[in-house]
Every structure is written in structure tokens, then in C-alpha cells.
Amino acid sequence: MGTSLVKGQNGPVAAARVVVSVRTEAAVDLSALLVTESGTVRSDADFVFFNQPVAPGVELTSATSAALAISPAALPGEIAQVRAVLTLDDATETFGRFAPPIATIADDRGNVLYEYVIEGLGAESVVIALELYRRGAEWKVRAVGQGYAGGFAALVTDHGVVVDDDPDSSQSADPAPPASLAAPSLAPAPPSEVAVADSAARMTSHPQAAVAGASPSATVPASGSVQVPAAVGDPGSALAQGKRSLVPDVRTVPGEAKLSFEKRTVLDLRKREVAKVLIDKDALGVRARVVLVIDKTGSMVKQYRKKVVHRVVERMIPVATQLDDDGTLEAYLYALSYTRLPDIAVADADRWSETYLHLSGTHAGIDYTGLGGRNDELPIMRAVIDTLRPGDRPTLVLFFTDGGFAKKQEIAALMREASRLPAFWQFVGLGQANYGLLRSIDEMDGRLVDNAGFFALDDIDRVDDAQLYTRLLGEFPQWLRAARAAGVTS
């Protein structure tokens, strides 16, 4: 009996050739992605699936049941990881409806080295089960268990691929034999538009526990382009509606595959906490622009020196992945004046924080000293308000500050004006400070709808993710319903 792995655990791989297989009661396809240090494929040759079963160092075998035979020494030097992927044949199914799949790694003689029971899956229809990865001159295996509710299209997009999921409707949809299916193009940069097959086979002749990859078939338009089914996690799908009360429906956005395993794990856990709040508030599937505003006044020096604001950025990214169309944060820093910073993407957060979070000096062409060292919220609030139009999609403004807000009458007038515009303002206090107007903002009269909330955290690092996201997102869904009823937002 081999070693049992749990999610995130790793172990050495000394065998010259190993075989990855899976046991599951669901009908699934087994495939592999050969990726570089950046987490993306180099070309279509780095995707191993039933119609392209061989790549350097990797072979998909199907003599009796599907398995991936991997010879680490034969892998190209640019390849840093081989990711074993399970894809449900039926795009309307989810892994949460079946017993957890079991991934196995054995040596060439059939001796089991590792087993991994992939627990905790819900709305996902695709999962990265395991990955073999380089560690210096050696190879190791890691239990990943990262699911994709968006299906196979979300998986390949996350690995640097643009997927054509809307083939020309004028093309014939008559099925063609599987042998006519060309391997999808996976060129990462510039990415070619591709159509990816999702097998239509149901394996109905095997009511008992099915084994991955048993001769799948595919429905292919006559042109050879294959339409990717709608994502199971799409909030408009019937399945997503039915699963809301059961599992968090977690979105995956481009760039996540470029993160280290540890960062992907943390991000995944935080996304699930965000999704739980949205489920509880009946706001799952809502799409909103997410704006992040951060105070850069002199009184914030401790928050910058200890990199508290860096960790704020890191913890706001999961909110954007679940709400924003492209999963990015629109960012601003302010003091007496303000500056609009480049958007924050998932894969770039650490570099972004090191580049743009400063109190003084000139960095990346921005004069931070010139922004001032004291608070004046009016310019930044006016700048955000001026981007809003009645009836537009909703905006969530996450406004982090350590106090100020001295111009009470002017700020109150702005908030009354803003109540007729499609934005909810969530103010968050960092540290022990005098927040003045903010503490009574919920009681402000003269607003069409209640468009703001406030809470203060003495030490945000001591607040767990579940509590933080509950407080951060607790009032936004209620505002959204009221704003829609008032015709403020779409």
C-alpha cells in the first residue's frame, strides 16, 4: 500500500517512470498539461489528451483503462510541472454529486507509491488532481485537488489559452467521428483562438465505478470546431441555481495558474469564503466593478512599514475574482490628492504592491510626495463618483483609511449625491483612530438608498477571512436590491 496524501502534501518521486491513474464512479477523461515555471503551456504539443496521447516524457495509455505514464528524465528542460487533469464527460454534472475520486501513482511494475482521495469538491466539473514538479535535480509529486467550476474552458484559459466558445452559429452541428477531431491549439502568446472538446460520452454500459478515459466520444461541428458547454458555475444555469445552498460556486480567473501552489491554495480558500458570503446573501453570480481606495497619509506609516496595506491588497483580490468581470481590482491611492494606479491582477499582486504602495518619493513615474501627507477625501470621492452613471452595472468601492473625514458637510453632500449612482461604498478603518463621520454614516439622511457602510479593525491581521469577508460584503447585496428597485443600477 502506498503513502496516502492529503491536499497540499508532497513526496519524492525516484522511479524512472511512474503511472498516474484514477478511480471514480463518475465518467471522466484523463489528460495532462505540461507547463513551464510561469504555469502555462508552450504550444499545443504540451497538451496530452485522447486525440493527442503522446508528448515528450508523457503518454496517455488506454489498453485497459486510461493512465498517464510519465518519465521525468525525458521531459523537456523548460517543463517545470506535469499536471494530471480530470474532466467530467457530462458538462452538466459536478464532482460534488459523486464520491471523491482517488488518484494513484505507481511505479512501472505496478507498485503503488501514493494515493490521494480528492475530497472537498463541489460545483467543479474539472479538477487538477496531482502535479509532478521539479525541485532542483529531483522530481516530486504534490496533491493539488484544485477544481474549476467553469469547466475545461476555464482550465485551459487559466493556463494561457484563449478559448473560442462561440463557434459560428451558421456552421453545421452534425456530429463527426471522433477520429476527425483535431488537437486543440494551445499556443500561449500570442494565444490562438481554439475550440476545446468536452466529451459527450456517458459510459452508460458501465453502471459500476467507471475508470477514467474509457474510449470517449465527442460531438463535433462539421468544421472541426468544438463548442465548449456553458460553465456549470454560470449563475444563470439551472444547476448553479440548484447548488447554491450546497457548495460555494467559486470562479477561476486567468492568471491563477501562474501562482505558486501555496498561493493558489490560500487564494482558493479565500475565494470560497467570499462565495459563502454571497450565497448566504443570495448574491451568488452578481457581477460588479470592484474599486480599491487606500489611504497614503503620514499617519499610515506603520501600516505601510509593516506591510499591512500589502496584505490588504492580497485579501481584496479574492473579492474581485468573485465579483469583477475580469477578476481585477481598480486601484487608487489618496491623501490631499489622489492617483489612479494600474489595475491589480491575480498573478501580479506581489509585484504590484512592491511597485506602487509607497508614502513618499517617486516610484514607477509617480510622485508620491506630491500627493501630500494629510487627508482630503473629497478629490478621490469626486473622481470615483464622476465615473458612475445612473443605470450602469454596480460598483463596490472598498475604501481603506485610518481616519480623517474632517469635511463632514461636504462629504455628506457627496454621499447624498452618490446615493443616486450605482456604487456601494464600504469604508474600512485600519487601526485605532478617530473616524468621526464614518461611525454615523449609516444614519445619514437625505439619501435615495443606503449606499455606505463602515467598520473598523484594530488589527486586520488578527481577523480571519470568514469574519473579514462577512463584514466586508454584508451590506452590499442589500444595497444592490434596493438600488435595483430604485432604478439606480442594472
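Quantities reported herein were computed from a predicted structural model and do not represent experimental measurements. (Residues numbered from 1 in each chain as written. Predicted model: local features only at pLDDT ≥ 70, side-chain atom pairs only at ≥ 80, totals over all residues. Heavy atoms only, no water.)

Focus: the overall build of the protein chain
When you go through the protein chain residue by residue, the secondary structure sums to 10 helices and 23 strands. Relative to its full complement of 490 residues, the protein chain shows a buried share of 55%. (Helix = DSSP H or I, 4+ residues; strand = E, 2+ residues; numbered from the N terminus. Buried < 20%, exposed > 50% of the residue type's maximum accessible area, 1.4 Å probe, protein only.)

A few points about the pairing of strand β4 (residues 28-35)
With 8 of 8 residues buried, β4 is to be regarded as a mostly interior element. Looking at chain direction, β4 and strand β9 (residues 81-88) are connected through 8 bridges and run antiparallel. Bridge assignment links Leu33 to a residue of β9, and that residue is Arg83. Taken together, the 2 bridges between β4 and strand β5 (residues 47-48) define a ladder with antiparallel strand orientation. In the sheet register, Ala32 faces β5, and the bridge partner there is Val48. (Pairing = 2+ DSSP bridges.)

Re the sheet that holds strand β16 (residues 289-295)
The sheet built from 6 strands is open, its strands ordered β18-β17-β16-β21-β22-β23 with mixed pairing. The open sheet has two edge strands with one neighbour each: β18 (338-344) and β23 (452-457). Direction aside, the axes of adjacent strands within the sheet are offset by 20° on average. Inspection of the sheet shows strand β17 (residues 329-334) paired to β18 by 5 bridges, in the antiparallel sense. Across the sheet, Tyr332 pairs through a bridge with Arg340, a residue of β18. (Axes fitted to C-alpha atoms, helices over the stretch in contact; angles between N-to-C directions.)

Things to note about the side chain of Asp295
Within the secondary structure layout, Asp295 lies in strand β16. No salt bridge is formed by the buried Asp295, whose closest oppositely charged neighbour, Lys296, lies at an N-O distance of 7.6 Å. Within the structure, Asp295 has its side chain in polar contact with the side chain of Asn375 (distance 3.1 Å). Setting aside its immediate chain neighbours within four residues, Asp295 contacts Met300, Tyr304, Tyr334, Asn375, Phe400, Thr401, Asp402 and Gly403. (Lys, Arg positive; Asp, Glu negative; His and termini not counted. Salt bridge = Lys/Arg side-chain N within 4 Å of Asp/Glu carboxyl O. Polar contact = N/O pair within 3.5 Å; in protein donor to acceptor, adjacent residues only side chain to side chain. Contact = heavy atoms within 4.5 Å.)

Considering the packing of helix α3 (residues 261-280) against helix α9 (residues 465-473)
If you want to describe how two helices pack, look at the angle between their axes and the distance between the axes. Relative orientation of the contacting elements α3 and α9 amounts to 45°, with a least axis distance of 9 Å. Overall, the two elements α3 and α9 adopt an arrangement that is oblique. In this structure, α3 crosses over α9, and the sense of that crossing is right-handed. Counted together, Arg270, Glu273, Val274, Val277 and Leu278 of α3 and Asp465, Ala466, Tyr469, Thr470 and Leu473 of α9 form the full contact between these two elements. Across the contact of α3 with α9, the residue classes tally to 6 nonpolar, 1 polar and 3 charged. (Parallel < 35°, antiparallel > 145°, perpendicular 65-115°, else oblique. Left-handed = near helix turned anticlockwise from the far one by under 90°. Nonpolar A, V, L, I, M, F, W, Y, C, P; charged D, E, K, R; others polar.)

A short note on the sheet that holds strand β10 (residues 102-107)
Spatial strand order, β1-β11-β10-β3-β8-β7-β6: 7 strands in an open sheet with mixed pairing. Each edge of the open sheet carries a strand with a single partner, namely β1 (3-5) and β6 (54-55). The sheet contact formed by β6 and strand β7 (residues 58-61) spans 2 bridges and is antiparallel. Bridging from a neighbouring strand, Ala55 pairs with Val58 of β7.

Examining the nonpolar core
Leu292, Met316, Leu323, Ile344, Phe400, Leu472 and Leu473 are the most contacted members of the largest nonpolar core, which has 55 residues in total. Setting aside residues no more than four positions away along its own chain, Leu292 makes contact with Val313, Met316, Leu329, Glu330, Ala331, Tyr332, Ile344, Leu398 and Phe400. Judged by nonpolar contacts, the second largest core, of 37 residues, contains Leu5, Val28, Ile118 and Val127. (Core = buried A, V, L, I, M, F, W, Y, C linked by side-chain atoms within 4.5 Å.)

Some remarks on unusual backbone geometry
In the Ramachandran plot, Asp282 falls in the positive-phi region, its phi being about 55° despite a non-glycine side chain. What makes Asp282 exposed here is its relative accessible area of 58%.

Some thoughts on helix α7 (residues 377-385)
Summarising burial for α7: 7 of the 9 residues are buried, a large majority. Elements in contact with the buried residues of α7: β16, β17, β18, β21 (395-401), α8 (408-418) and β22 (423-430). Here α7 starts with a cap whose side-chain oxygen sits 3.2 Å from the backbone nitrogen of Leu378, and that cap is Asp376.

Things to note about the packing of aromatic side chains
Geometry of an aromatic ring pair is reported as the spacing of the ring centres plus the angle between the planes. Scanning the model with the defined rule gives 11 aromatic pairs in all. One aromatic cluster is present, formed by Tyr334, Phe399, Phe405, Trp425 and Phe427 through successive ring pairs. Its end group placed over the ring of Tyr133, Arg142 keeps NZ or CZ at 4.0 Å from the ring centre. (Phe/Tyr/Trp six-rings, centres within 6.5 Å; stacked < 30°, edge-to-face > 60°. Lys NZ or Arg CZ within 6 Å of the ring centre and 35° of its normal.)

Considering the pattern of salt bridges
On inspection of all chains with the given rule, the structure shows 31 salt bridges. Between Arg340 and Asp343 there is a salt bridge, with its nearest N and O atoms 2.8 Å apart. Taking relative accessible area as the criterion, Arg340 reaches 42% and is therefore assigned partly exposed. Residue classification places Asp343 among the partly exposed positions, given a relative accessible area of 37%. A salt bridge links Asp445 to Arg416, with the nearest nitrogen and oxygen atoms 3.0 Å apart. Of this pair, Asp445 sits in the loop between β22 and β23 while Arg416 sits in helix α8, and the two are 29 residues apart along the sequence. Look at Asp445 and you get exposed, because its relative accessible area is 54%. Judged by its relative accessible area of 31%, Arg416 is partly exposed. A network of salt bridges, in which partner residues are shared, links Arg83, Glu131, Arg142, Glu262 and Arg264.

Section: the confidence of the model for the protein chain
On average, the protein chain scores 81 in pLDDT, and the residues at 70 or more come to 80%. Per-residue pLDDT stays below 50 along residues 162-247; that stretch engages in 171 contacts with residues further than four places along the chain or on separate chains. (pLDDT = per-residue confidence, 0-100.)

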